[in-house]
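Results of the structural survey
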Amino acid sequence: MCCFVFSPVDFVVCFRSSRGRAGHGSASAEKTGKVLGEFCQCYKEQYGVALFNSVRYEIEGNGGPQAQLLHRKVPLEDHVIYSGNLFQYIEENKKWRNRFCVVPHNYGLVLYENKLAYERDLPPRLQVNSAGYKILTSVDQYLELVNSSLPGVTPKSGHSPILKCPTDFPLILWHPYSRHYYFCVMTGKEQEKWRAVFQDCVRHCNNGISEDSKVEAPAFTDAVRMYRQAKEQYGTWDMLCGNETQVLSNLVMEELLPELRTTIGPRLKGKAQERQRTWIQISDAVYRMVYEQTKAQYDAVMAKCEQERPQMESTIRTDMDQIITSKEHLASKIRAFVLPKAEICVRNHVQPYISSILEALMTPTSQGFAEVREVFFKEVTDMNMNIVNEGGLEKLVEYMEKLSHLAFHPVKMQSCYEKMDQLKLEGLQQRFDVSSTSVFKQRAQIHMRQQMDDAVYTFETLLHQELGKLQGKDDLCKSIQRILERVLKKYDYDSSTVRKKFFREALLQITIPFLLKKLAPTCKGELAKFQELIFEDFASFILVENTYEEVVLQSVMKDIMQAVKEAAVQRKHNLYRDSMVMHNSDPNLHLLGEGIPIDWGEEYSGQPEAEPEADKRRRAKQVVSVIQDDEGVLPYEVGAESLLQPGSPEPREPEEPDPGVLPSSSDGVEEIRRMLVKESLGDGVKAEERLTNGTNATRERGATEEVVAVSVPGDGPRQGPASEGNGVHGTTAASPVPAAEVPSGPGVTCAAPASPMLASPVPGGDVPSGASMHQATPASPKPRADVPSEAKVPCATPASPAPRAETLSPSAGTPCHQPSDKETGEEVAPACSECSPPQPMGTTESGEGVQTEF
């Protein structure tokens, strides 16, 4: 067993060296190997069962309802979700540094030294896979979690906490095992936008096990469940998030961390804050090494299973009928033994609560899907009105490029996602041993995003098909409205199907573990006697434990199906009856979905020549808009410069502070705050150099461009695209109810909403960074239901928007100085000439001694 030392670095060295000693592996490495050995045995057993189920499903098929909406087969990979500047706390030197953060389409968090480093394709400072993290917007929330992670170590009142933030708007990424990340921004509006972006990253990365895998994914999740049930851990598990290696690492740490805490915690020395900080670093170091060991062992098991798969699949296809007969015989014997006990348990402990659980699930979930429908309707309607008033095909291309990314817009989708925050299973949660509702919330939110993307993809596919037949703006307007109504009908049907499936799965996920736990004392010990009923040749495809669970599932499935069916019959929350099958009014629609993906910009922009790869990356479409100044000093840098880098010859590069000047605190928080206050008053900083994340503006790279302007005396109100993500939209009519008839005539058009516009600042003018501009804007008129179908409503054509200013981007040949570790406290990775876009495969920072890819 390794000696216990208190420096995290020494602990890592000791841990690794003891792993290499012959016959004297460390306690942590031994524990990891033990857990992985037991899990891999479960995985091998579940792999054969999953392979048999997959082949059987392929042969027998499934008579489920066919989806009406198209599904995007080629994911959108040419866009950036978000990018902007924020402050990051660097633990190595206890300083706050300005960083340029990019969230690519794969939802990794990638931080660069500045925007120039990103555009020149220099190595990033940090890459974070956010699976398993929680987003905190309060230092108090964070301190509460930190205090609970190491019991008995709580800073006394009046002492400095483990973290100080220079602004009132922190963003903290907390993980129970891995390292924590600290950020802050200037305003509450920025904080909300970044929070929505970070939550979308967590939601996406948590769903890291691919559902396209019909064998490996179910084998893995069933193996995790079986392993935990063998340890008498039933119910949902919050840390089933990330890819397979991350989930397995969480599984190991769940057992390993309490032992480390008991052994190492009392031996930590120093003040409470230092002990907490040391414990976080030790936990992170152990997690990284567990990850390395887990990845190697799991990959080896996967390779072995893949090697054996052809032979197993050949046996299954040859003896399919015999395997099914053998399994049914085993199930009948287990059913005769288990079913009477299971039915009594269901009748007494589950059946009375099914309707309550279902109602608790239905209300927020259906509200969220209704909000998805409303957001989609509003975006398409706004686009239609703006196209009619501003121009034809050119405007259509611009708006369709934005609309195609709607499902991936964290801010616009936030109103849908937050409906699930109402989900509460109070009382029922304790009764059925549900540790948290976060599993169900995230699952529903993923369904919402998928349904939104399916609706958008179906709409743009149908519209693309119609474009060749149109003759003018009026035809375009009518076609958009007609296609919108068709897509909404398809959405209503598909969302009903998806929600009913979600409700059934959630009810099973809540009740089955409860029943298994209740029946375990009387049934589990007797299962071994049924093993002799399985032929040895089929033992890889039929397991007694799995068959037992299927029998328990059958005991409650009838009640669950009946509860969901009754809710649909009563038309609760716009659910369709199972007997209602929507006739396929578009027989060729799914054939359209098999074609080449639509690229609106390339197809209709009239630019036959392809952009160079570097320019394409620099000008990648950005889903969420944000102001970015390409030149000048950022406000964060201004505050940091005065404290951290006085007299620096290059304003972009941080340097060591003057040894003769002592900051007011170890973190330099007070000085930064004082400089930020001065900055907000506009001391000597031009308006063009302001960083105002969270507002709209024209970006030269990576953003959806938006135009804003104020009214000028003598000019009419100018109109432009609706604002993205800032909450400023013209008022539009509510979407029609699913069964309502929406009149559509040849000339029915509506006046476009006047979008708020802000003129570019006067040269030399000084605008306070915290100031906000408010302007009254006319609300968009609601379409009247009583307008005859042949009536024509005239539309005012606004003045064309002012041309956007082009910002010069730095040339690739310009030298870029990279600060040394003496300047920043971080190790700078060498620049590479050709770096592929970073993938969210791990948490690596160049300032750390250990670099592990997750």
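The present account deals with the structure reproduced in this document. (Residues numbered from 1 in each chain as written. Predicted model: local features only at pLDDT ≥ 70, side-chain atom pairs only at ≥ 80, totals over all residues. Heavy atoms only, no water.)

Here the focus is the pattern of salt bridges. According to the stated counting rule, one finds 35 salt bridges in the structure shown. Residue Asp 453 pairs with Arg 72 through a salt bridge whose shortest N-O separation is 2.9 Å. Of this pair, Asp 453 sits in helix H13 (residues 438-466) while Arg 72 is found in the loop between helix H2 (27-60) and strand E1 (79-90), placing the two residues 381 residues apart along the sequence. The exposure classification of Asp 453 matches that of Arg 72, with both residues buried. In this structure, Glu 254 and Arg 228 form a salt bridge, with 3.3 Å as the shortest nitrogen-oxygen distance. Of the two residues, Glu 254 is situated in helix H7 (residues 244-264) and Arg 228 in helix H6 (residues 216-230); the sequence distance between them amounts to 26 residues. (Salt bridge = Lys/Arg side-chain N within 4 Å of Asp/Glu carboxyl O. Helix = DSSP H or I, 4+ residues; strand = E, 2+ residues; numbered from the N terminus. Buried < 20%, exposed > 50% of the residue type's maximum accessible area, 1.4 Å probe, protein only.)

Below, the discussion takes up helix H15 (residues 544-569). Taking 1.5 Å per residue, 26 residues should reach 38 Å; H15 reaches 38 Å between its end C-alpha atoms and fits that length. If you look at H15, its biggest bend is around 40°, right at Val 556. Arg 571 sits one or two positions beyond H15 and adopts a positive phi of about 60°. (Expected span 1.5 Å × (residues − 1). Bend = angle between axes of the 7 residues up to and from the residue.)

This part takes up unusual backbone geometry. Most peptide bonds are trans, and most residues other than glycine sit at a negative phi. Look at Tyr 107: it is not a glycine, yet its phi comes out positive at around 65°. Among the secondary structure elements, Tyr 107 is positioned in the loop between strand E2 (95-104) and strand E3 (109-112). A relative accessible area of 2% places Tyr 107 in the buried class. One non-glycine residue with positive phi stands out, namely Asp 433, at about 60°. With respect to the element layout, Asp 433 can be found in the loop between helix H12 (428-431) and H13.

What follows deals with helix H4 (residues 139-149). Those residues of H4 that fall on the buried side of the exposure criterion are Val 139, Tyr 142, Leu 143 and Val 146. Axial view of H4: buried residues confined to an arc of 95°, hence all on one face. Every exposed residue of H4 that faces more than 90 degrees away from the buried side is listed here: Asp 140, Glu 144 and Ser 148. Close packing links the buried residues of H4 with strand E5 (134-136), strand E6 (170-174), strand E7 (181-184) and helix H8 (272-318). (Arc of directions from axis to C-beta. Contact = heavy atoms within 4.5 Å.)

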